[in-house]
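Listed below, chain by chain, are the residues.
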Amino acid sequence: MTTPRRRRRTERAIALTAALGLVLVAVAGACGDGDDDGDGRPLTDEEAGQLANVLFDNYTEEGADFELAMQVAPGATINLQGEVDWSTHRGHARVVGSGTEEGIQEVYWDDETVLERRDELNTLLAQSGQADVSFVARPVDLATRDLDQALAFVTALASQQRDNPLLIQQADGAEFVRSDTLRGTDANVLRAGPLTTYWLAVDDGRMLRFEGNNSPGTRPVVVDVTAFGPRQIAGPAEDQVITVDRIQEIYDGFTGAATG
């Protein structure tokens, strides 16, 4: 029996993927460490099985450390370095935004809420009597916030279900691209379709890197997974967090020009 909490979480995960246009077996690939030599070959049964299992394997690992780089527009990028708990859809990351989401240094998130730390905003809040505040809590906004879309992408890199290896093997563009070495680990570079590229470790098939894009090809993204395992992401103390509705005018005035 599905509990209301789990059902909401499942429905939210579906909504995240749909809102981003990032069905993970049909997104556009970006460039890797080396040039594509054009000598790809059809996937073997074993390789198709690894691709079918990769997101489920991520889920069974429960969490990971990651680095993300996403271009959201010409001259506008988001970089994240942090950790994600795929079992609870919670995460924590350091943030660098250029041309969008500028000024945010750190975030915590789950399916419904993002906590932002902006040192300059905190200074302004301290001047107005909110000296203890470090984070502003606001609802997730996939429609307009580039940051939230990047966070949702990280959350979506795990699945409670395996994909169908036969369908992957038969997909247009599915292929073995090349052998490579990534961060000192031997890897197979595999496409699960014409537009999706994974770096999978040769020894155990774990995901080292995912590269993709949205359907129009305007948002290339690279996610490196640097370590796997359960992550306990508690978040800041309650007295360090203020909800955005309590400072809406200040928040809107301060952040409106920087959110993209």
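Everything discussed here concerns the structure shown above.
Residues numbered from 1 in each chain as written. Predicted model: local features only at pLDDT ≥ 70, side-chain atom pairs only at ≥ 80, totals over all residues. Heavy atoms only, no water.

Student: Describe the overall build of the chain, listing the residues and the values that go with them.
Tutor: For the chain, the helix and strand inventory stands at six helices and 12 strands. Considering the chain as a whole, with its 260 residues, one finds that 46% of them fall into the buried category. (Helix = DSSP H or I, 4+ residues; strand = E, 2+ residues; numbered from the N terminus. Buried < 20%, exposed > 50% of the residue type's maximum accessible area, 1.4 Å probe, protein only.)

Student: Help me get a handle on the pairing of strand β1 (residues 63–73), residues and values and all.
Tutor: As paired strands, β1 and strand β2 (residues 76–85) are joined by 10 bridges and run antiparallel to one another. The partner of Gly63 across the bridge, within β2, is Asp85. Strand direction decides the pairing type here: β1 and strand β11 (residues 221–228), joined by seven bridges, are antiparallel. Across the sheet, Ala64 pairs through a bridge with Phe228, a residue of β11. (Pairing = 2+ DSSP bridges.)

Student: Can you tell me about helix α2 (residues 45–61), naming the residues and giving the values?
Tutor: Side chains that are three or four residues apart share a direction in an α-helix, a result of its 3.6 residues per turn. The end-to-end C-alpha separation of α2 is 23 Å, in line with the 24 Å expected for 17 residues at 1.5 Å each. If you look at α2, its biggest bend is around 45°, right at Val54. Residues of α2 that are buried include every one of Glu47, Ala48, Gly49, Gln50, Leu51, Ala52, Val54, Leu55, Phe56 and Asn58, and no others. One or two residues past the end of α2 sits Glu62, with phi positive at roughly 80°. (Expected span 1.5 Å × (residues − 1). Bend = angle between axes of the 7 residues up to and from the residue.)

Student: Got a sec to walk through the side chain of Arg138? Specific residues and values, please.
Tutor: Positionally, Arg138 belongs in strand β6 (residues 135–139). At 2.5 Å, the side chain of Arg138 forms a polar contact with the side chain of Glu116. Apart from residues no more than four positions distant in its own chain, Arg138 is found in contact with Glu112, Thr113, Val114, Glu116, Arg145, Leu147, Asp148, Val244 and Tyr251. (Polar contact = N/O pair within 3.5 Å; in protein donor to acceptor, adjacent residues only side chain to side chain. Contact = heavy atoms within 4.5 Å.)

Student: Describe the packing of helix α3 (residues 119–127) against helix α6 (residues 248–255), with residues and values.
Tutor: Packed helices, taken two at a time, are described by the angle between their axes plus the distance between the axes. Taken N-terminus to C-terminus, the directions of α3 and α6 make an angle of 145°; their axes are 11 Å apart at the nearest point. Taken as a pair, α3 and α6 cross one another with a handedness that is right-handed. Residues Glu120, Leu121, Leu124 and Leu125 of α3 form the contact with α6, whose own contacting residues are Ile250, Tyr251 and Phe254. (Axes fitted to C-alpha atoms, helices over the stretch in contact; angles between N-to-C directions. Left-handed = near helix turned anticlockwise from the far one by under 90°.)

Student: Got a sec to walk through the packing of aromatic side chains? Specific residues and values, please.
Tutor: According to the stated counting rule, one finds five aromatic pairs in the structure shown. Judged by centre distance (6.3 Å) and plane angle (85°), the rings of Phe66 and Trp109 are edge-to-face. Placement of Phe66 in strand β1 and of Trp109 in strand β4 (residues 106–109) is noted, with a sequence separation of 43 residues between them. You'll find Phe66 and Trp109 in the same group, each marked buried. In this structure an aromatic cluster arises from ring pairing among Phe153, Tyr198 and Phe210. Positioned over the ring face of Phe176 is Arg41, at 4.1 Å from the centre of the ring. For the cation-ring pair, Arg209 lies above Trp199, with the distance from its terminal atom to the ring centre recorded as 5.5 Å. (Phe/Tyr/Trp six-rings, centres within 6.5 Å; stacked < 30°, edge-to-face > 60°. Lys NZ or Arg CZ within 6 Å of the ring centre and 35° of its normal.)

Student: Describe the pattern of salt bridges, with residues and values.
Tutor: Within the structure shown, the criterion is met by 19 salt bridges. When the shortest N-O distance is used, the salt bridge between Glu83 and Arg231 registers 3.9 Å. Placement of Glu83 in strand β2 and of Arg231 in the loop between β11 and β12 (241–243) is noted, with a sequence separation of 148 residues between them. Among the residues examined, Glu83 registers a relative accessible area of 22% and is labelled partly exposed. When its relative accessible area of 12% is taken as the criterion, Arg231 is described as buried. Across the salt bridge formed by Arg117 and Asp119, the nearest N and O atoms sit 2.5 Å from each other. Under the relative-accessibility criterion, Arg117 is labelled buried at 14%. A single network of salt bridges, built from pairs that share partners, joins Glu101, Glu116, Arg118, Arg138, Arg145 and Asp148. (Salt bridge = Lys/Arg side-chain N within 4 Å of Asp/Glu carboxyl O.)

On their own, these measurements won't tell you what the molecule is for.
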